[in-house]
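Summary of the model geometry
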Amino acid sequence: MLIDTHCHLAAAEFAADRDVLVERARLAGVSSIVVPAVDVTSFAKVHDCCARYAGCAPAYGIHPLYVQHAGPDDLATLRDWLARAFDGPQRPLALGEIGLDFFVADRQVERQESFFVEQLRIARDLELPVLLHVRRAVDQVLKNLRRIRVTGGIAHAFNGSRQQAEAFIGLGFKLGFGGALTYPGSTRIRELAAALPLDAIVLETDAPDMPPTWLAGGRNTPAQLPRINAVLAELRGIDASELAKATAFNALEVLPRLRSAD
């Protein structure tokens, strides 16, 4: 089985053919899909999406690129959604997508960090793992994780150094790899994905974003995960089924509530 640990299945880009895409992913061997929110307006959409499709599990959080529109009431809303005792696939799996993004021109560093810290505190209080967005801010994210200890999680779309990878692993995190490793020119990511301990890696698509090389910049979908898995297996010199099994085990280890998302 394959687990897509990061897919924005509730996004508007999938509105026209979501049923078809979920079925294609299922037929391709993708057994579970983690669906993160990005702001409070997306919480209900994520919830309803996961209630509709077996194997989909929600995470709720405020993405760093959405904090400019968020306020204290949004953090209260987030805590409420995460604390609810949802049953089955609606049960909150993790807190995410949260983090820091210093790549964009209008960084709003202090505001990003304030929301990140508050969400880490919520995750700590509720003993939930977190799904991290980290872009040009790896050291700053690690600094806050050392200060506010949470129960691990996933560093989504990891693109740091081996030393930074080991720091995340030491804090109880798995590292997410997806379409970026399918590009021959992405040498650093490919080398890292090939060399890291197998028990530190999970797979993701980040669909509809981060398309693999064979989609030529088009819309990504969760059904691409088997081919991404095959590319990484080749890089690591192991059988694709072995990699699929290992990464699924890793995902279930760091996101234990995923076991009930059926």
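What you see is a predicted model, and the numbers here were worked out from it, not measured in a lab.

1. Brief notes about the pattern of salt bridges
What the rule picks out here adds up to 11 salt bridges. For Asp125, the salt bridge is made with Arg124, and the minimal N-O distance between the two is 3.8 Å. Note that Lys174 is salt-bridged to Glu253, the shortest N-O span being 2.8 Å. Here the residue Lys174 occupies a position in strand E7 (residues 173-177), and Glu253 occupies one in helix H9 (residues 240-254), the gap between them amounting to 79 residues.

2. Things to note about the UniProt feature "binding site: a divalent metal cation 1" (unreviewed entry) in the protein
Cross-referencing UniProt, the feature "binding site: a divalent metal cation 1" (unreviewed entry) maps to His6, His8, Glu97 and Asp206 in the present numbering. In terms of the greatest pairwise C-alpha distance, the residues named above, spread along 201 residues, form a tight cluster of at most 11.1 Å across. Of the residues examined, Glu97 reaches a relative accessible area of 2% and is grouped as buried. The residues touching Glu97, leaving out its near neighbours within four places in the chain, are His6, His8, Pro36, Ala37, Gly61, Ile62, His63, Pro64, Leu131, His133 and His156. Its place among the elements puts Asp206 in the loop between strand E8 (201-203) and helix H8 (225-236).

3. Observations concerning the packing of helix H2 (residues 43-52) against helix H3 (residues 72-83)
Where H2 meets H3, the axes come as close as 12 Å, and the angle between the chain directions of the two elements is 15°. For the element pair H2 / H3, the angle class is roughly parallel. In the crossing of H2 with H3, the sense of the turn from one axis to the other is right-handed. Each of Phe43, Ala44 and His47 in H2 lies in contact with H3, whose residues at this interface are Thr77, Leu78 and Trp81. Residues that form the contact of H2 with H3 fall into these classes: 4 nonpolar, 2 polar and no charged.

4. Points about the packing of helix H7 (residues 187-195) against H8
Any two packed helices are characterised by how steeply their axes cross, that is the angle between the axes, and by the distance between the axes. It is at 8 Å that the axes of H7 and H8 come closest, and there the two elements cross at 75°. It follows from the interaxial angle that H7 and H8 lie roughly perpendicular. Residues Arg190, Ala193, Ala194 and Ala195 of H7 form the contact with H8, whose participating residues are Val231, Leu232, Leu235 and Arg236. Tallied by class, residues from the contact of H7 with H8 come to 6 nonpolar, no polar and 2 charged.

5. A few points about the environment of Asp48
Take Asp48: it is sitting in helix H2. A sequence separation of 42 residues divides Asp48 from Gln90, and the C-alpha atoms of the two residues are 7.9 Å apart.

6. Some details on the sheet that holds E7
Here we have 8 strands laid out as an open sheet, ordered E1-E2-E3-E4-E5-E6-E7-E8, and parallel in their pairing. Looking at the sheet topology across the chains shown, the edges are occupied by strand E1 (2-4) and E8. When the angles between neighbouring strand axes are averaged without regard to direction, this sheet yields 30°. As paired elements, strand E3 (residues 56-60) and strand E4 (residues 94-101) share 2 bridges and run parallel to each other.

7. With respect to the pairing of E3
Taken across its 5 residues, E3 has 5 buried, putting it largely inside the fold. Here E3 shows a buried face lined by Cys56, Pro58 and Tyr60 and a second buried face lined by Ala57 and Ala59. Bridge count for strand E2 (residues 30-36) against E3 is 4 bridges, and the pairing is parallel. From the neighbouring strand, Val34 faces E3, where its bridge partner is Ala57. Tracing the backbone out of E2, into H2 and back to the parallel element E3 gives a crossover that is right-handed.

8. Focus: the side chain of Thr205
Here Thr205 shows up in the loop between E8 and H8. Residue Thr205 is classed as buried on the basis of its relative accessible area, which comes to 0%. One polar contact links Thr205 to Asp4, side chain to side chain, over a distance of 2.6 Å. Not counting chain neighbours up to four residues away, the residues in contact with Thr205 comprise Asp4, His6, Cys7, Met210, Asn220, Thr221, Pro222, Leu225 and Ile228.

Basis of the calculations
- Residues numbered from 1 in each chain as written.
- Predicted model: local features only at pLDDT ≥ 70, side-chain atom pairs only at ≥ 80, totals over all residues.
- Heavy atoms only, no water.
- Salt bridge = Lys/Arg side-chain N within 4 Å of Asp/Glu carboxyl O.
- Helix = DSSP H or I, 4+ residues; strand = E, 2+ residues; numbered from the N terminus.
- UniProt positions renumbered as here; feature names shortened; annotations may be inferred.
- Buried < 20%, exposed > 50% of the residue type's maximum accessible area, 1.4 Å probe, protein only.
- Contact = heavy atoms within 4.5 Å.
- Axes fitted to C-alpha atoms, helices over the stretch in contact; angles between N-to-C directions.
- Parallel < 35°, antiparallel > 145°, perpendicular 65-115°, else oblique.
- Left-handed = near helix turned anticlockwise from the far one by under 90°.
- Nonpolar A, V, L, I, M, F, W, Y, C, P; charged D, E, K, R; others polar.
- Pairing = 2+ DSSP bridges.
- Right-handed = clockwise from strand over helix to strand, strands pointing away.
- Polar contact = N/O pair within 3.5 Å; in protein donor to acceptor, adjacent residues only side chain to side chain.

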